[in-house]
Structure formats: structure tokens, C-alpha cells
Amino acid sequence: MTRLFNDPADFADEMIDGFVAANRNQVRRVTGGVVRSTRTPEGTVALVIGGGSGHYPAFGGIVGQGLAHGAAMGNLFASPSAHQVESVAKAAQRGGGVLLSYGNYAGDVLHFTQAQDALNAAGIPTRSVAVTDDISSAPLAEQHKRRGIAGDLTVFKSAAAAAEAGYDLDEVVRVATHANERTRSFGVAFSGCTLPGATEPLFTVPEGRMAVGMGIHGEPGIDETDVPTADELATLLVSSLLAELPEGVSEAAGARVGVILNGLGSVKYEELFVVYRAVAAQLEAAGVEIVDPEVGELVTSFDMAGVSLTLFWLDEELEGFWAAGADTPAYRKGVVAAAEQLDPSELVAETAAEIPESTDVSRAAAAVVVEALDALVQVIDTNVEELGRIDAVAGDGDHGIGMQRGARAAVTAAHAAADAGAGAHTVLHLAGDAWADRAGGTSGALWGLALRSVGTALGDEVAPGRTDVATGVQAAVDGIMSFGKAEVGQKTMVDALVPFTTTLSAAVADGADLVTAWTTAAAAASTAAAETADLLPKMGRARPHAEKSLGTVDAGAHSFGLIVTAIVPVLERAGGTTAPDRSTSTTTNEGVHA
Ligand SMILES: Nc1ncnc2c1ncn2[C@@H]1O[C@H](COP(=O)(O)OP(=O)(O)O)[C@@H](O)[C@H]1O
Ligand SMILES: O=C(COP(=O)(O)O)[C@@H](O)CO
């Protein structure tokens with residue numbers, strides 16, 4: 001239970017402000033997160049990490065000498081947006097290229113990949129390594145699908161120490177990849193967590209029971225047992241990890257291993273030590289040589305009660321990096337020679353977005369767009385709890401709050417842009433950017449892309465017609481499918497998007513007006529969304545718990561159906577405002593700044 005907060009929507013931002021104020025010797029705030037406050041030598045590879053907030057000290061708490069150069073800090077339990085990652089990387093980079101590293105979650109992968117592409121296009125060589133240490137989240141044969149949990153630290157620390165030692169980008173990537181291959185974690189949970197302002201926990205574990213393999217956002221575990229004794233828990237954790245030695249380690253006996261016993265939020269340090277006593281004894285009995293163990297909170301899950309054990313199977317090179325010094329707000333090791341402090345004015349400040357010229361007819365279309373976004377926010381507000389409930393069946397339960405955060409940010413940006421004289425293209429682009437930025441997560445990346453795609457088709461000059469709308473929707477669907485790689489039948493929003501765009505385009509081609517075409521398409525999307533209840537998920541967070549989701553619709557498909565249906569009355573009211581086919585006007589405004 002979180003007791004201390006102001007407006008829950010401001011919690012993550014206010015937390016970052018306070019965190020920076022308390023740690024000025026190590027971190028500075030930049031758009032999207034934090035970077036080191038100390039000077040890094042020119043030409044060094046920059047390690048930029050990140051993920052959702054709610055996992056402190058991951059991710060901002062481990063920025064500093066010997067560890068990350070910057071951290072993109074998303075909203076609670078939602079990946080940071082591509083824009084946040086790009087902005088932090090630009091502030092952190094020192095000319096040696098950038099390694100992006102993060103836990104392997106769908107939203108993080110989408111946003112960090114988008115940022116990587118943008119950074120490479122801007123001439124900053126950038127690569128990524130997603131951490132996949134959680135052995136309960138996928139079998140060994142599908143290691144690339146595993147989630148990242150407390151093993152984040154071993155990968156980040158190895159990459160950072162390699163960068164600090166002057167390795168080039170290829171070599172830092174090699175070290176991070178190797179560290180990830182040699183890191184294995186296994187976790188359990190005794191209770192869920194409650195986000196600020198929420199009346200109900202995001203997820204729960206029945207009283208007296210232990211969820212085995214539960215993820216750090218409440219992703220369902222692989223088993224449930226009674227709560228064991230501390231020694232019995234140590235046996236479960238140690239034996240599960242010793243059962244899966246990484247490639248290159250033939251036996252546990254004689255191996256040198258870094259150990260992390262991680263508390264997930266509300267297990268006391270004293271309890272951790274009682275468990276660690278048995279962990280150490282059992283590892284030693286197996287002949288493992290423990291190197292620099294860490295017992296404490298390194299990746300948490302808000303106030304969740306739980307524990308995870310990580311084993312980092314060292315070789316000579318990795319052991320050097322594991323032992324290297326670090327000085328960050330939450331993690332200190334050895335002795336680090338203090339580097340020069342940066343003057344805050346040296347960090348790049350972002351400039352306000354420009355509002356390009358538009359015509360009066362495009363501004364009229366922009367007004368309809370704003371009204372549609374108002375309707376979208378309303379329908380999400382009404383269904384926020386239901387969307388969370390659906391997402392919690394096999395996912396992490398945050399689809400409602402994520403969509404709400406994104407949609408509200410989009411509508412605020414849209415109103416501001418329209419008030420500043422923007423046309424439809426610009427309103428939708430700025431709304432899409434704001435959505436992705438504030439929501440993060442999988443749906444944030446995909447909805448941001450969708451709004452921008454539709455905006456591109458509508459333009460800032462013409463009165464968009466039904467064909468422009470159908471073209472924009474098709475471009476949005478194509479973009480989402482090529483970016484998210486989901487296909488029809490895999491139980492994602494794509495299952496509702498495809499029938500929507502197919503029906504819309506066909507009706508427009510048959511000569512239907514926009515209201516009729518959209519209404520028919522919305523009905524097709526809603527039917528298809530309802531039919532996702534019979535599908536097994538193959539993508540996204542629900543995938544590892546496929547069978548649990550049978551009988552429940554996909555959250556993203558359902559919210560899409562609700563949204564396109566809610567837009568019907570807006571189009572009916574707009575009537576003639578959206579021309580049956582495009583028309584132009586020569587009346588333009590002046591370009592202005594937002
Ligand atoms: N690869 C994908 N392509 C398209 N849609 C996806 C994909 N992965 C997940 N989704 C959609 O995203 C929805 C979940 O959104 P969100 O709650 O933001 O996810 P998360 O919290 O896992 O980042 C799912 O219900 C599904 O419709
Ligand atoms: O939850 C996180 C990211 O996953 P999404 O797929 O964006 O929900 C985050 O807390 C870990 O980075």
C-alpha cells in the first residue's frame with residue numbers, strides 16, 4: 001500500500017524530482033530520466049539503461065561512476081517512451097557510441113528499438129542488449145523470450161565496467177551479451193502491490209501462499225505453494241538455479257559465482273539475511289565459490305513481498321567487472337576516484353515543438369480530431385477498471401491505467417496544438433508523441449504510432465476526405481504490424497485492427513460516406529475483439545500464461561473496439577466538416593511555436 005503521494009498521476013515525476021534533489025553528486029535530471037552528474041572521458045561508450053518506475057533502485061538509482069551513464073525512467077510499471085530513451089542517450093553519450101540495456105519486456109523492446117533506430121539515424125552508433133535472466137518466464141530453448149529481473153545488475157555492471165575500461169562499442173556489446181548468457185534468476189512472491197491512488201492491489205497472492213516464478217509486475221507464476229520456511233525457500237531457489245547451468249559451465253563444483261539475494265519491496269533485510277544464510281550454505285555444499293554477494297533491494301516491485309535469487313556464473317573477465325568499483329545513489333562498491341562534476345548548463349535542453357503552417361480546412365478537420373480524442377478519453381475513463389481486470393488475467397493489469405495516461409496526455413497536447421493553430425497532421429503527430437511519451441508500454445508505442453500515421457495521411461493543407469482517413473488507418477495498421485510483428489490470430493489488438501481497416505477501406509471503395517463506413521468497421525472491430533476470447537496469446541506479456549487467458553478477450557483488442565465505436569457519434573456530428581472527398585483551401589496561418 002502506498003500512503004504518501006499527491007496526485008497519483010504525478011507520482012513518477014515527483015519521485016524523480018526528489019530522487020535527483022537527494023543525489024546531486026551523482027545524477028542530473030534531463031528530459032526522460034537522469035544522467036551522471038560527473039564528467040565521463042570523451043570517446044567512452046555510454047551505457048543507457050531504463051524501464052518502468054516502481055522498481056527502485058532500478059533504474060535511476062544505479063546511474064553513476066562504474067555503472068550506467070544514464071537511465072530513461074518510465075511511468076510506474078511502464079517502459080519509458082522512445083523519445084525519453086533518445087533524449088537520455090543524447091545527453092549521456094560521449095562520442096563512443098551508446099549501449100541501450102533493459103529488461104526484456106514487450107514495451108521496453110518496442111521503445112528502446114525505436115530509440116536505437118533514431119539514434120543511429122542521428123549518427124550516434126547505438127546497440128542494445130535486453131536482459132533475460134528469469135528462468136521461470138520461458139524454457140531454456142526460448143531464452144530470448146525470458147523476462148529481465150534482478151539479473152539486470154550483473155549485465156549493466158559488466159557492460160559499464162567494460163566501457164569504463166575503454167572497450168569499444170562492439171566489445172561492450174560482447175561483454176553485456178556474455179554476462180546475460182551467464183546470469184540466471186528465480187523469484188517468488190507472497191503478496192502483490194498497490195500503485196499510488198489505486199483502491200485495489202494491481203495483483204494479489206492468496207494469504208499464506210507463495211507464487212513461484214511470479215514476475216515483477218505480477219505476471220502470474222508457474223506454481224503456487226504454502227509459504228515455506230526460510231531454509232525451505234533457500235532450497236527451492238538454489239536447486240532451481242543449479243538445475244540450469246549456463247553454456248560453458250560444466251558443473252557447479254569449483255565454479256566462481258556472483259550472488260544476488262534480492263528483496264522485491266517489502267521483505268525485511270533481516271528476513272533476507274536469514275534466507276541468505278541457507279543460500280550460502282547450500283551453494284557452498286554444492287562446491288560453488290561465492291564472489292562478492294549482494295543481499296538487499298536491487299530490483300523491486302513497489303511494495304510487493306517477494307524474493308529472488310540470481311547466480312552470475314563468472315569467468316576471469318566477468319569477475320573483474322563484477323568486482324570493479326561503483327558509486328551510484330543506491331549501489332556502492334570499492335573505491336572510485338571522484339570525477340569532475342558537470343555544470344548543469346552543459347546538458348542539452350530540448351526546444352519546444354514548432355507548429356507548421358496549416359489551412360483553415362485542415363484546422364476544421366483538426367477540431368474534429370480533437371473531439372474524437374475527447375470521446376476516446378471518455379470511453380477509456382469509463383472502462384479503465386474493466387480494462388485493467390481483463391489485462392490482469394494473464395498480463396500485468398495495467399492496460400487501463402496505461403491507456404488512460406496516454407489518452408489524457410494525447411488530448412491535452414491536441415487541444416494545445418489546435419489552440420495554437422495546428423492542422424490535422426500536426427495535432428495528430430503531437431498527440432501521438434504525447435501518448436507514447438506519457439503512457440510508455442506496448443500500447444503507448446503502438447497508439448503513438450497509429451495517431452502519427454493517421455496524421456500523416458490527413459496532412460495540414462487539405463480538408464481530408466474519407467479516402468484519406470481510410471489510407472491513414474491502413475498505414476497505422478501496417479505500421480503497428482511491422483513494428484510489433486504480431487499477426488492476426490495471435491491475440492493482440494491486431495485481431496481487431498485488421499477487420500477494422502479492411503471493412504473501412506472496402507466500404508469507402510464501395511462509395512459509402514465516412515460515417516457509414518466507420519460505423520460498419522467499428523462493428524467488425526468489436527465483433528473481432530470479442531472473438532479474441534477463444535484465442536491463445538502468442539505475443540506480449542500474456543504469452544507465457546496462454547491457457548489462463550482462454551475465455552477472456554484481449555485487452556488491447558477490446559479497448560480498440562471501444563474507442564472506434566466511441567468515435568462514431570463524433571463523425572456523425574461533424575457531418576459535412578469531413579468532406580466526402582478531399583478539398584483544399586488556400587487560407588494558411590503563420591507557422592508558430594507551441
Ligand atoms: N506485438 C504486439 N503487437 C500488437 N499489439 C500487441 C503486441 N503485444 C501486445 N500487444 C497489445 O498490447 C496490449 C497490452 O498493452 P499494455 O497494457 O500497454 O501492455 P504491457 O503492459 O504489456 O506493455 C495487449 O492486450 C495486446 O493487444
Ligand atoms: O513494465 C515494464 C515494461 O514493460 P511494458 O511491456 O512496457 O509494460 C517496466 O516496469 C520494466 O521496464
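Remember, predicted model here, so these are calculated numbers, not experimental data.

## Observations concerning the pattern of salt bridges
- Tallied over the full model, the rule gives 26 salt bridges.
- Arg209 is the partner of Glu224 in a salt bridge, and the nearest nitrogen-oxygen pair spans 3.0 Å. In this pair, Glu224 sits in strand β9 (residues 223–226) while Arg209 sits in strand β8 (residues 209–212), placing the two residues 15 residues apart along the sequence.
- What makes Arg209 partly exposed here is its relative accessible area of 26%.
- Sharing partners across several salt bridges, the network here consists of Asp13, Asp17, Arg29 and Arg438.

## A few points about the domain arrangement of the protein
- Split into domains, the protein comes out as domain 1 (1–131), domain 2 (182–326) and domain 3 (360–574).
- Just the C-alpha atoms count here: the centres of domain 1 and domain 3 sit 28 Å apart.
- Contacts between domain 1 and domain 3 engage 17 residues on the former and 19 residues on the latter.
- Each partner contributes to the roughly 1,300 Å² buried at the junction of domain 1 and domain 3, and carbon and sulfur atoms together form 48% of this total.
- Among the residues domain 1 hides against domain 3, the three largest losses belong to Asn75, Leu110 and Gln114. Together they make up 37% of the total.
- Here Asp13 ties to Arg438 by a salt bridge, and the two come within 3.2 Å at their closest N and O atoms.

## Re the confidence of the model for the protein
- With 95% of its residues at a pLDDT of 70 or more, the protein has an overall mean of 93.
- Overall, residues 586–594 carries pLDDT values under 50, and its contacts beyond four positions in sequence, including any with other chains, amount to 25 contacts.
- In the model output, the complex is listed with pTM 0.87 alongside ipTM 0.94.

## Concerning unusual backbone geometry
- Cis peptide bonds are those with omega within 30 degrees of zero, and the linkage from Tyr56 to Pro57 qualifies with 10°.
- Going from Ala58 to Phe59, the amide bond is cis rather than trans, its omega being 10°.
- For Phe59, the location among the structural elements is in the loop between β3 (46–53) and β4 (70–76).
- Phi is positive for Lys485, which is not a glycine, with a value near 65°.
- Within the fold, Lys485 resides in the loop between α13 (466–484) and α14 (494–509).
- One non-glycine residue, Lys491, adopts positive backbone phi at about 60°.

The rules we used
Residues numbered from 1 in each chain as written. Chains lettered and ligands numbered in written order. Predicted model: local features only at pLDDT ≥ 70, side-chain atom pairs only at ≥ 80, totals over all residues. Heavy atoms only, no water. Salt bridge = Lys/Arg side-chain N within 4 Å of Asp/Glu carboxyl O. Helix = DSSP H or I, 4+ residues; strand = E, 2+ residues; numbered from the N terminus. Buried < 20%, exposed > 50% of the residue type's maximum accessible area, 1.4 Å probe, protein only. Domains from an automatic or database assignment. Contact = heavy atoms within 4.5 Å. Buried area = accessible area lost by both parts, 1.4 Å probe. pLDDT = per-residue confidence, 0-100.

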